[in-house]
Amino acid sequence: MNRGKYYITTPIYYPSGKLHIGHSYTTVAADAMARYKRLQGYDVMFLTGTDEHGQKIQRLAEENGVSPKKYVDDIVDGIKKLWSLMKITNDKFIRTTDDYHVASVQKIFRKLYDKGDIYKSEYEGWYCTPCESFWTETQLKDGKCPDCGREVELTREESYFFRLSKYQDRLIKHLEENPDFIQPVSRKIEMKNNFIKPGLEDLCVSRTSFNWGVPVSFDDEHVVYVWIDALSNYITALGYMSDNDEDFRRFWPADVHLVGKEIVRFHTIIWPAMLMALDLPLPKQVYGHGWLVLDGGKMSKSKGNVVDPVVLVDKYGLDAIRYFLLREVPFGSDGVFSNEALINRINSDLANDLGNLVSRTVAMIRKYFNGIIPENRVKGDPDDDLITTVIETPGKVEDLLDKLQFSTALQEIWKTISRTNKYIDETMPWVLAKEEEKKPRLAQVLYNLAESIRIISILIQPFMPETPEKIWEQLSICQSCRSWESAREWGRYSGDVPVKPGQVIFPRIDLEKELKELEKDTSDDSVKKDLPEIKPQVEIDDFAKLDLRVARVISCEKVPKSNKLLKLQLDIGLEVRQVVSGIAKHYSPEELVGKKVIMIANLKPAKLMGIESQGMILAASDKGDKNLVLATVDNDIPVGNIIS
Ligand code: MSP
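Residues numbered from 1 in each chain as written. Predicted model: local features only at pLDDT ≥ 70, side-chain atom pairs only at ≥ 80, totals over all residues. Heavy atoms only, no water.

A. Layout of the site of the ligand. If you check the shell around the ligand, you find 24 residues, and the closest are Ile 12, Asp 51, Gly 260, Glu 262 and Leu 292. At 2.7 Å, a side-chain N or O of Asp 51 approaches a nitrogen atom of the ligand. Starting from 670 Å² of accessible surface for the ligand in isolation, the protein chains cover 95%. Within the residue set of the shell around the ligand, elements represented by two or more residues are β1 (5-13), α1 (21-40), α7 (226-231), α8 (233-236) and β11 (256-260). Ranked by residue count, the leading element in the shell around the ligand is α1, at 4 residues. Looking at the shell around the ligand residue by residue, the classes come out as 13 nonpolar, 9 polar and 2 charged. (Near = heavy atom within 4 Å. Polar contact = N/O pair within 3.5 Å; in protein donor to acceptor, adjacent residues only side chain to side chain. Areas by Shrake-Rupley, 256 points an atom, 1.4 Å probe, with all protein chains shown as cover. Helix = DSSP H or I, 4+ residues; strand = E, 2+ residues; numbered from the N terminus. Nonpolar A, V, L, I, M, F, W, Y, C, P; charged D, E, K, R; others polar.)

B. Local environment of the environment of Pro 146. Looking at the secondary structure, you find Pro 146 in the loop between β5 (133-135) and β6 (153-162). Exposure remark for Pro 146: the relative accessible area of 24% places this residue in the partly exposed category. C-alpha separation for the pair Pro 146 and Trp 135, spaced 11 residues apart in sequence, amounts to 8.5 Å. For Pro 146, the residues in contact, after removing those within four places along its chain, are Trp 135, Gln 139, Leu 140 and Lys 141. (Buried < 20%, exposed > 50% of the residue type's maximum accessible area, 1.4 Å probe, protein only. Contact = heavy atoms within 4.5 Å.)

C. Layout of α1. The first and last C-alpha atoms of α1 sit 28 Å apart over 20 residues, in line with the 28 Å expected at 1.5 Å per residue. Counting buried residues along α1, 17 of its 20 residues qualify, which places the element largely inside the surrounding structure. After α1 finishes, the residue Gly 41 shows a positive phi value of roughly 105°. (Expected span 1.5 Å × (residues − 1).)

D. Representation of the sheet that holds strand β18 (residues 596-600) in the model. Taken in spatial order, the 5 strands line up as β17-β16-β15-β18-β21 in an open sheet, and their pairing is antiparallel. Pairing within the sheet leaves two strands with one partner each, and these edge strands are β17 (576-581) and β21 (616-617). Both strand β15 (residues 548-558) and strand β16 (residues 566-571) contribute to a ladder of 6 bridges, which runs antiparallel. Among the inter-strand pairings, Lys 558 is bridged to a residue of β16, identified as Leu 566. (Pairing = 2+ DSSP bridges.)

E. Inspection of the state of the cysteines at higher detail. The final tally for this structure, using the stated rule, is 1 disulfide. The disulfide partner of Cys 478 is Cys 481, and the S-S distance across this bridge is 2.4 Å. For the disulfide bridge between Cys 478 and Cys 481, the dihedral angle about the S-S bond is near 130°, and by the sign convention the bridge is right-handed. The exposure class of Cys 481 is buried, given its relative accessible area of 1%. (Disulfide = S-S within 2.5 Å.)

F. Focus on the nonpolar core. If you look at the biggest cluster of nonpolar residues, it comprises 108 residues, and the most contacted ones within it are Tyr 316, Phe 406, Ile 413, Trp 414 and Leu 475. In this structure, Tyr 316 is in contact with Ile 321, Asn 339, Leu 342, Ile 343, Ile 346, Ile 509, Glu 514 and Leu 518, ignoring residues within four places of it in sequence. Leu 200, Cys 204, Ala 277 and Leu 280 belong to the second largest nonpolar core, which has 64 residues in total. (Core = buried A, V, L, I, M, F, W, Y, C linked by side-chain atoms within 4.5 Å.)

G. Examining unusual backbone geometry more closely. That bond from Trp 252 to Pro 253 is cis: its omega, 5°, falls within 30 degrees of zero. Of note, the bond from Asp 381 into Pro 382 is cis; its omega dihedral lies within 30 degrees of zero at -10°. Residue position: Pro 382 is located in the loop between α13 (339-369) and α14 (383-402). Not every positive phi belongs to a glycine, and Met 428 is a case in point at roughly 45°. Among the secondary structure elements, Met 428 is positioned in the loop between α15 (406-427) and α16 (429-432). Look at Lys 561: it is not a glycine, yet its phi comes out positive at around 65°. Considering the arrangement of structural elements, one finds Lys 561 in the loop between β15 and β16. Looking at Lys 561, the relative accessible area reads 65%, which means it is exposed.

H. Expanded view of α14. Taking 1.5 Å per residue as the helical rise, α14 with its 20 residues ought to reach 28 Å, and the 30 Å between its terminal C-alpha atoms agrees with that figure. Its maximal kink placed at Thr 393, α14 deviates by approximately 30°, while the proline Pro 394 follows within four residues. Among the residues of α14, those classed as buried are Asp 383, Leu 386, Ile 387, Val 390, Thr 393, Pro 394, Gly 395, Val 397, Glu 398, Leu 400 and Leu 401. Structurally, α14 contributes buried residues whose contacts are with α1, α15 and α17 (439-459). Phi turns positive, to about 60°, at Leu 404, one or two residues after α14. (Bend = angle between axes of the 7 residues up to and from the residue.)

I. Representation of the packing of α14 against α17 in the model. The interhelical angle for the contact between α14 and α17, taken along N-to-C directions, is 10°, at an axis separation of 10 Å. Considering the angle they form, α14 stands roughly parallel to α17. Contacts from Asp 383, Leu 386, Val 390, Ile 391, Thr 393, Pro 394 and Val 397 of α14 reach α17 at Arg 441, Gln 444, Asn 448, Ser 452, Ile 455 and Leu 459. (Axes fitted to C-alpha atoms, helices over the stretch in contact; angles between N-to-C directions. Parallel < 35°, antiparallel > 145°, perpendicular 65-115°, else oblique.)

J. Representation of the pattern of salt bridges. Evaluation of the coordinates by the stated rule reveals 47 salt bridges. Two residues, Arg 95 and Glu 52, come together in a salt bridge whose shortest N-O distance is 2.6 Å. One end of the pair, Arg 95, is in strand β3 (residues 92-95); the other, Glu 52, is in the loop between β2 (43-50) and α2 (55-63), with 43 residues separating them in the sequence. By the burial criterion, Arg 95 is buried, and Glu 52 matches it. Arg 488 is the partner of Glu 398 in a salt bridge, and the nearest nitrogen-oxygen pair spans 2.9 Å. (Salt bridge = Lys/Arg side-chain N within 4 Å of Asp/Glu carboxyl O.)

K. Highlighting the side chain of Arg 454. Examined against the element boundaries, Arg 454 turns out to sit in helix α17. Among the polar contacts made by the side chain of Arg 454, one reaches the main-chain carbonyl oxygen of Cys 481 at a distance of 3.0 Å. Discounting chain neighbours no more than four positions away, the residues touching Arg 454 are Ile 477, Cys 481, Ser 486, Glu 489, Arg 492 and Tyr 493.

L. Spotlight on the packing of aromatic side chains. The tally for this structure, following the rule as stated, stands at 26 aromatic pairs. The interplanar angle of 50° and the centroid separation of 5.6 Å between the aromatic rings of Tyr 25 and Phe 331 together place this pair among those described as tilted. Within this pair, whereas Tyr 25 is found in helix α1, its partner Phe 331 is found in the loop between α12 (318-328) and β14 (335-337), the two being separated by 306 residues in sequence. The exposure class of Tyr 25 is buried, given its relative accessible area of 1%. Following the ring pairs from residue to residue traces out a cluster consisting of Tyr 119, Tyr 123, Tyr 127, Phe 134, Phe 161 and Tyr 225. Taking NZ or CZ as reference, Arg 207 lies 4.2 Å from the ring centre of Tyr 127, over its face. In this structure, Arg 250 packs its charged tip against the face of Phe 251, placed 5.6 Å from the ring centre. (Phe/Tyr/Trp six-rings, centres within 6.5 Å; stacked < 30°, edge-to-face > 60°. Lys NZ or Arg CZ within 6 Å of the ring centre and 35° of its normal.)

M. The sheet that holds strand β7 (residues 182-183), seen in detail. Ordered in space as β3-β2-β1-β11-β12-β7, the 6 strands form an open sheet in which the pairing is parallel. Both outer strands of the open sheet, β3 and β7, are each paired with one neighbouring strand and no more. Across 4 bridges, β2 lies against β3 in parallel orientation. Looking at the pairing, Gly 49 lines up with Ile 94 of β3. The strands that helix α10 (residues 264-277) touches are β7, β11 and β12 (286-289); relative to β11, the one it contacts most, it runs at about 135°.

As structure tokens, this is what we get:
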């Protein structure tokens, strides 16, 4: 049955480092929705991807001494692997460095320029590089970025501007006429009062101080502001302004953009205004969910294993992690992620409530009836009560999922699981089994249990990709009674194939022991685990290809407009070389002059911020380059000497 189309998106992620469990939150939620809509018979388009341009990425690449594309390629690979590990069923993965995206963004920019909605002027203001956001003086909080609290930089440059102010009234009207456009309601009020009503200013939409971005096609000194580039992904991925825009015509407008609360602003002001300027319909909804934080505060990469989704999935299993993410916190609110809360959920909801229900039922059908429930059954109390609860659940779950209420939808399913467990206590099958004449009643009780589990297993599919299959195997649930619609029909369990005991679906975890182990993991020796693996062996000849020399710093200066780069002139005996190095945060130019360092003298020259670097100097640093020390050589060793 085809019920129409459903287009859902996640934000596209910055490939600036490894993703943590908080990042998986949006994607797992979107995946649950996509799975649910597919099960209902919708033609689903589920889009995710990576947001690869901008000053932040360019700087990170410079610091790592590689090109921005090289820098992001590895990280994007890791992100794709993570989504596949988490069984994310996205239909498309867009990279903003993909050619088709770049071409469409250029056309979008041109179209807005031709229309007069983009014009050239001069920009002066404050820029927060980590957030890639512009701020006016009055928007700053204590002189810092109001979103993240970090330092901002004063920027002045010739720029293109988007006439955001022109769309203010239409935006307000749209919000009033479409009460569901921004959800939850609290975010709508925040947007309207804090951002739109005080007045929208035209937005600076191009930059000239760096070049890692989509070039403006008619003025190639400028690159398109990264948020214009990024937001466009929702339509360029569908082929907007390309030769093949079939998907665009089928799926646009999006049914929902799922985003974290801090980027609701971009999605409910800039994006709709862009779409209005392009004469395109607006997405039906933008849903701003809350943040998962750690007990002690914000989640960050430095928290290592504790928040590494790969480690968590490996330790506790995919379905447990997905369940926790969607169950623990009402979608829309902020919530705390802790290992203790996770393990408690696994033990109580998954191992105890669901796992035990399945294993007890399978065990009883085997023990009392050799695996097949007989046809001769007798109804009794409280069958009707159980059946009513079970059969009403699919409707409730659908209503809640349609409102993206994952946690309450799961609560409804778990109420049914508890009701079913209570039914075992009420009917006491082990007592019925003692008398031969009560066997028909026992058969009915076990049938009701198996049938309740069948319906439950169908309903958990959007959230858990692995568990339903395990349940179907153990209870021998036939293909045709696994469909989403069949969850509304009581009595589809045929039970003509013997049940098969399988592995425990969710093993219990010893909380105390596990927490102790985790403590060990996060203590000092986890630093060892955080170290990159040793690279594959090379031949001595490969090593010999490198020309490592003793070099003396003759002079050194800061690279203008960069707070990371230093430009050094190095004496290597045979000649003087210019090297650009990302060490400005760790060394002042003065303290470097006279130092003897180690240089790779035969590295192909590269340009960093437009300045040629004719080699590289060696340094030791920790992850993220918080600490960095140059590798230096004793003063007695003459310059130009080879290091081997
Ligand atoms: N690149 C932009 C989005 C552009 S969309 C056109 C971006 N990327 S991000 O990688 O920083 O964040 C991606 C998503 O992850 C955001 O929705 C953000 O809210 C979400 N999360 C990052 N940390 C999070 C938590 N700790 N908890 C929940 N979600 C969080 O923003």
